[in-house]
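What the coordinates show
So the chains spell out like this:
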Amino acid sequence: MHPAPSVIFFTAFSGLGFGLLAFLGLGMPGLNGWLAFTFYFIAYAFAVGGLLASVAHLANPKNAIKSFSQWRSSWLSREGVLAVVTLIVTAIYAIGRIFFDTSMPALGAVGSALSILTVFSTSMIYTQLKTVPRWNSPTTPFMFVAYSLAGGALLAGQVTLALFTLALYLLIVAAIAQLLNWRVGDQRMLTSETNLGTATGLGNVGVVRQYEPPHSGKNYLLNEMVYVVGRKHARKVRRISFVAAFLIPVLALLAFRDAPHIGGMLAIIFHILGVIGSRWLYFAEARHVVANFYGK
Amino acid sequence: MTTLPSQTDTKLGLVIDLDTCVGCHACVVSCKGWNTQNYGAPLSDKDAYGTPEGTFLNRVHSYEVQPDQGPAQTVHFPKSCLHCEDAPCVTVCPTGASYKRTEDGIVLVNEDDCMGCGLCAWACPYGARELDLMAGVMKKCTLCVDRIYNENLPEEDRVPACVRTCPSGARHFGDLGDPNSDVSKLVAERGGMDLMPELGTKPVNKYLPPRPKDTLDCGVALNPVAEEAKGFLGWLDNALEKM
Ligand code: SF4
Ligand code: SF4
């Protein structure tokens, strides 16, 4: 699949933003006034920035408002509805914290649950596609949610022991989720029943090979769904993004235990770079079954 | 609504004969012509006089099939929307632009609602949807819904443009939900098949496999008239052999 910067940015930053909102809703850290404002500002910048990036991906954004209508059947629609509801609920909680020095724990908890649900529905947009065997597995939502919580915990700051420990453990869980996703994804590719033979129905006759493509130039299908460059560098990008997203942040947190601001900052920067690398690969490495028709 | 109808009154669709298609691309051209001048946004071309790139609703691939024994065959393979009964492209659509008609099962895009997210094209296993980059909306085969019911056209023209155009009679149009229709009989007789049945889309369109090739009794076309060279050629053969 074509790794469009808009979708990479969308999944990476909305995940981080909603992850942070999930922690803030639980009072981790439980700040009021200006400090709370700073944290909410970051969370909203990431979450809303990510959502706006996804709007940039649309070819006809003037109809974007209509995407709230099909929540009964469409995960993309559900994601939009949930994102907006979550932003409103958490905003009410945030206003209490910032301006009135009050915490509404029940509302905060609802906001946290909604934040995680939003990330889950983002992941389902990809998970539901049987046409991309690598994505079509339960490891996709697990990975998206785990990344979001790990990133959220990092962004929440390492001011308390609880947050410090949580960030550490969540990073490890996300690392496991990532490894699992790669493994299961590789298996899905190997065990996928679909090939040029089933795609054309000619597999019963013999071995099928394309000898002439249907068009001499490129087209939307090739640009969007038959992206082959990523598959070549997959192994290298995996290693780099894994080290950046998990290994360095864990080491930084442990090494700077006495100076959690420095350790936290280092961890956040590398983690974000790692998330972007991993998401690039998530798209670039995925093979859509339509590639079969083109023998790619 | 992007939920699918549980059942449709008819199942209009195409039957494509892979045995007779000669790969002339006439259906590709007539499809583009009709659908550029009629329903919805025209099918745009980019850089038409350079390296052309554009939107088409129908494309013809060409394959070589090598059986276990005997020579390889060429098969021309036209591909357009299969108007699936369980169409994944419809249910993923967030805006309600994509829908499947209850009356005849045709899958359409309402361009006034489409936001151009492209998710439906990702959900389609067959590459049957292309986002028009000029109009910013999703384009797909309409089964020429603006021809088949059009009483302003002479009756013989009330079929999809590709079917009307095909010079080799490789494309057939009809109700695949009615077991007594000509197309259903053709499918039964020739062993019509689904593409990628493993993905569970239940396509309405069917493909007729190429007929099995006949085989010759003898291994070679002609029996050799002389096994050994005689006369001058025999002498030359011997002489060259010895050198
Ligand atoms: S062929 Fe593709 S576009 Fe057509 S109905 Fe099936 S899934 Fe949808
Ligand atoms: S591109 Fe248009 S028709 Fe396709 S899913 Fe998006 S809004 Fe629906």
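Data block above holds the structure.
First, a word on scope: everything that follows refers to the structure included in this document. Bear in mind the structure is a predicted one, so any value in this text is a computation, not a measurement.

**Details of the interface of chain B and chain A**
Chain B puts 58 residues into the contact, and the matching count from chain A is 57 residues. Around 4,700 Å² of area is buried between chain B and chain A when both sides are counted, 62% of it from carbon and sulfur atoms. On the chain B side of the interface with chain A, the three residues burying the most area are Tyr63, Met115 and Trp122 of chain B, jointly 18% of the side's total. As a salt-bridge pair, arginine 209 of chain A and glutamate 64 of chain B come within 3.1 Å of each other at their nearest N and O atoms. Joining chain B to chain A, the criterion identifies 23 residue pairs in polar contact (both at pLDDT 80 or more). Going through the elements one at a time, β3 (53-54), β4 (59-66), β5 (73-79), α3 (119-123), β8 (129-132) and β9 (137-140) of chain B are the ones with two or more residues in the side of chain B that touches chain A.

**Section: the site of ligand 1**
Neighbouring ligand 1 are 14 residues, the closest being Cys81, Leu82, Cys84, Cys89 and Cys124 of chain B. Of the residues belonging to the shell around ligand 1, the class tally is eleven nonpolar, one polar and two charged.

**A few points about the pattern of salt bridges**
The final tally for this structure, using the stated rule, is 18 salt bridges over all chains. A salt bridge links glutamate 103 of chain B to arginine 101 of chain B; its shortest N-O distance comes to 3.5 Å. Put simply, arginine 164 of chain B and aspartate 157 of chain B hold a salt bridge, and the shortest N to O gap is 2.4 Å. A residue is classified by how much of its surface remains accessible, and aspartate 157 of chain B, at 18% relative accessible area, is buried. One network of salt bridges, with partners in common, ties together Arg134, Asp186, Arg235, Arg238 and Glu285 of chain A.

**Examining the site of ligand 2**
Every residue close to ligand 2 is listed here: Cys93, Pro94, Thr95, Ala97, Ser98, Cys114, Met115, Gly116, Cys117, Gly118, Cys120 and Met138 of chain B. Its residues assigned to classes, the shell around ligand 2 shows eight nonpolar, four polar and no charged.

**So, the packing of aromatic side chains**
The way to describe two aromatic rings as a pair is by their centre distance and the angle between their planes. Following the criterion strictly, the structure yields 22 aromatic pairs over all chains and no others. Ring plane angle 10° and centroid distance 5.1 Å describe the contact between tryptophan 135 of chain A and tyrosine 282 of chain A, whose orientation is recorded as stacked. Pair noted here: tryptophan 135 of chain A is in the loop between α4 (105-127) and α5 (139-155) and tyrosine 282 of chain A is in helix α11 (residues 260-284), with a separation of 147 residues, a long-range link. In this structure, tryptophan 135 of chain A and tyrosine 282 of chain A share a single accessibility class: buried. A centroid spacing of 5.8 Å and a plane angle of 55° characterise the contact between tryptophan 135 of chain A and tryptophan 122 of chain B, whose relative ring orientation is tilted. Of the two residues, tryptophan 135 of chain A sits in the loop between α4 and α5 while tryptophan 122 of chain B sits in helix α3, which places them in two different chains. The exposure class assigned to tryptophan 135 of chain A is buried, which follows from its relative accessible area of 0%. Members of the aromatic cluster, each reached through a chain of ring pairs, are Tyr126, Trp135, Phe144, Tyr282 and Phe283 of chain A together with Trp122 of chain B. Residue placement shows arginine 78 of chain A over the ring face of tryptophan 75 of chain A; its charged tip is 4.4 Å from the ring centre. Lysine 32 of chain B extends its terminal NZ or CZ atom over the ring of phenylalanine 56 of chain B, reaching a point 4.0 Å from the ring centre.

How each quantity is defined
Residues numbered from 1 in each chain as written. Chains lettered and ligands numbered in written order. Predicted model: local features only at pLDDT ≥ 70, side-chain atom pairs only at ≥ 80, totals over all residues. Heavy atoms only, no water. Contact = heavy atoms within 4.5 Å. Buried area = accessible area lost by both parts, 1.4 Å probe. Salt bridge = Lys/Arg side-chain N within 4 Å of Asp/Glu carboxyl O. Polar contact = N/O pair within 3.5 Å; in protein donor to acceptor, adjacent residues only side chain to side chain. Helix = DSSP H or I, 4+ residues; strand = E, 2+ residues; numbered from the N terminus. Near = heavy atom within 4 Å. Nonpolar A, V, L, I, M, F, W, Y, C, P; charged D, E, K, R; others polar. Buried < 20%, exposed > 50% of the residue type's maximum accessible area, 1.4 Å probe, protein only. Phe/Tyr/Trp six-rings, centres within 6.5 Å; stacked < 30°, edge-to-face > 60°. Lys NZ or Arg CZ within 6 Å of the ring centre and 35° of its normal.

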